[in-house]
Amino acid sequence: MDIGFQLYSARNYPLAEVLKKIGTLGYTHAEGYGGVYGDPKGLKAKLDDHGLTMPTGHIGLDQLEKPAETIRLAETLGMKVVICPWLSPDQRPTDASGWRRFGERLQRLARPYQDAGLTFGYHNHDFEFAKFGANYAMDLLLEAAPDVSVETDIAWIARGKADPKPWLEKFGGRIVAVHIKDIAAPGQNVNEDGWADVGHGVLPWQGLLATAKSGTSARYFIVEHDNPSDIDRFASRSIAAIENFGA
């Protein structure tokens, strides 16, 4: 299994040094986010220098509304999957019909990217696992957006107080990428917002990875930490843990 690295994890560190580090550690691809796209050709050259690719990228909702420009960015970087990464608090629906409408918006937004041969996906946080009746907001969104794929962030599902395993099994055919991220034990890693290096937290990642590999259509597995205090520690311990899981 090829392991990627979400560059948002390293937003507080020099990009060139991070790319060198993750290439040396054995990561094969990096996932982009808005802060690294200022010089796409320069970024592609840096990736090439360290034997890395960028098959997936997070693109903000406002930028996704400019498909011609964004498709050119994706082509320059060799992306196969463009992902809407989140909704700011002021954009988040507050009822079931609002989540369905947002799903319909994503369904429309996806079309030019799909016509260009790209996969279009949505990445969850915890707030999409609020319940409206018997349904999660994420489920309502996906029902209204049948052609939109999913990048599943399992740790955020858990933080949303949902059980990741049955959700992975339910929507496995639509999941094209998985974020591998861990949660610290209660009271630990407060300076890192309660996140942990993969394999050093409370999530049962060995079993979750097995489910993600066998029960979903995921092609990309991407390590992430939202606020690591030591990027070298996080990058090295996380890939070592995944390798120990037999992945």
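Notes on the structure follow. (Residues numbered from 1 in each chain as written. Predicted model: local features only at pLDDT ≥ 70, side-chain atom pairs only at ≥ 80, totals over all residues. Heavy atoms only, no water.)

### Observations concerning the sheet that holds strand S1 (residues 3-6)
Then, in step 1: One open sheet accounts for 8 strands, arranged S2-S1-S12-S9-S8-S5-S4-S3; its pairing is parallel. Each of the sheet's edge strands pairs with one partner strand only, and the pair in question is strand S2 (29-31) and strand S3 (56-58). Across this sheet, the average inter-strand angle for adjacent strands is 30°, counted without regard to direction.
Then, in step 2: Bridging between S1 and strand S12 (residues 220-223) involves 3 bridges; their strand directions are parallel. Paired with Ile-3 across the bridge in S12 is Phe-221.
Then, in step 3: Most of the contacts of helix H5 (residues 96-115) go to strand S5 (residues 119-123), to which it runs at about 145°, and overall it touches strand S4 (81-84) and S5. (Pairing = 2+ DSSP bridges. Helix = DSSP H or I, 4+ residues; strand = E, 2+ residues; numbered from the N terminus. Axes fitted to C-alpha atoms, helices over the stretch in contact; angles between N-to-C directions. Contact = heavy atoms within 4.5 Å.)

### Considerations on the packing of H5 against helix H6 (residues 137-144)
Then, in step 1: Between H5 and H6, the shortest axis-to-axis distance is 7 Å and the interhelical angle comes to 45°. What the angle tells us is that H5 and H6 run oblique. Crossing handedness for the pair H5 and H6: right-handed. Here Ala-96, Trp-99, Arg-100, Phe-102, Gly-103, Glu-104, Leu-106 and Gln-107 of H5 come into contact with H6, specifically with Ala-137, Leu-140, Leu-141 and Ala-144.
Then, in step 2: Each residue belonging to the contact of H5 with H6 can be placed in one class, and the counts come to 8 nonpolar, 2 polar and 2 charged. (Parallel < 35°, antiparallel > 145°, perpendicular 65-115°, else oblique. Left-handed = near helix turned anticlockwise from the far one by under 90°. Nonpolar A, V, L, I, M, F, W, Y, C, P; charged D, E, K, R; others polar.)

### Describing the pairing of S4
Then, in step 1: Of the two faces of S4, the one holding Val-81 and Ile-83 and the one holding Val-82 and Cys-84 are both buried throughout.
Then, in step 2: Here S3 runs beside S4; their pairing, made up of 3 bridges, is parallel. For His-58, the partnering residue across the bridge sits in S4 and is Ile-83.
Then, in step 3: Strand direction decides the pairing type here: S4 and S5, joined by 4 bridges, are parallel. (Buried < 20%, exposed > 50% of the residue type's maximum accessible area, 1.4 Å probe, protein only.)

### Observations regarding helix H1 (residues 15-25)
Then, in step 1: Among the residues of H1, those classed as buried are Val-18, Leu-19 and Ile-22. The buried side chains of H1 occupy one side of the element, clustering within an arc of 100° when seen end-on. Exposed residues lying more than 90 degrees from the buried face of H1 are Glu-17, Lys-20 and Thr-24.
Then, in step 2: In the core, the buried residues of H1 are packed alongside S1, S2 and helix H2 (40-49). (Arc of directions from axis to C-beta.)

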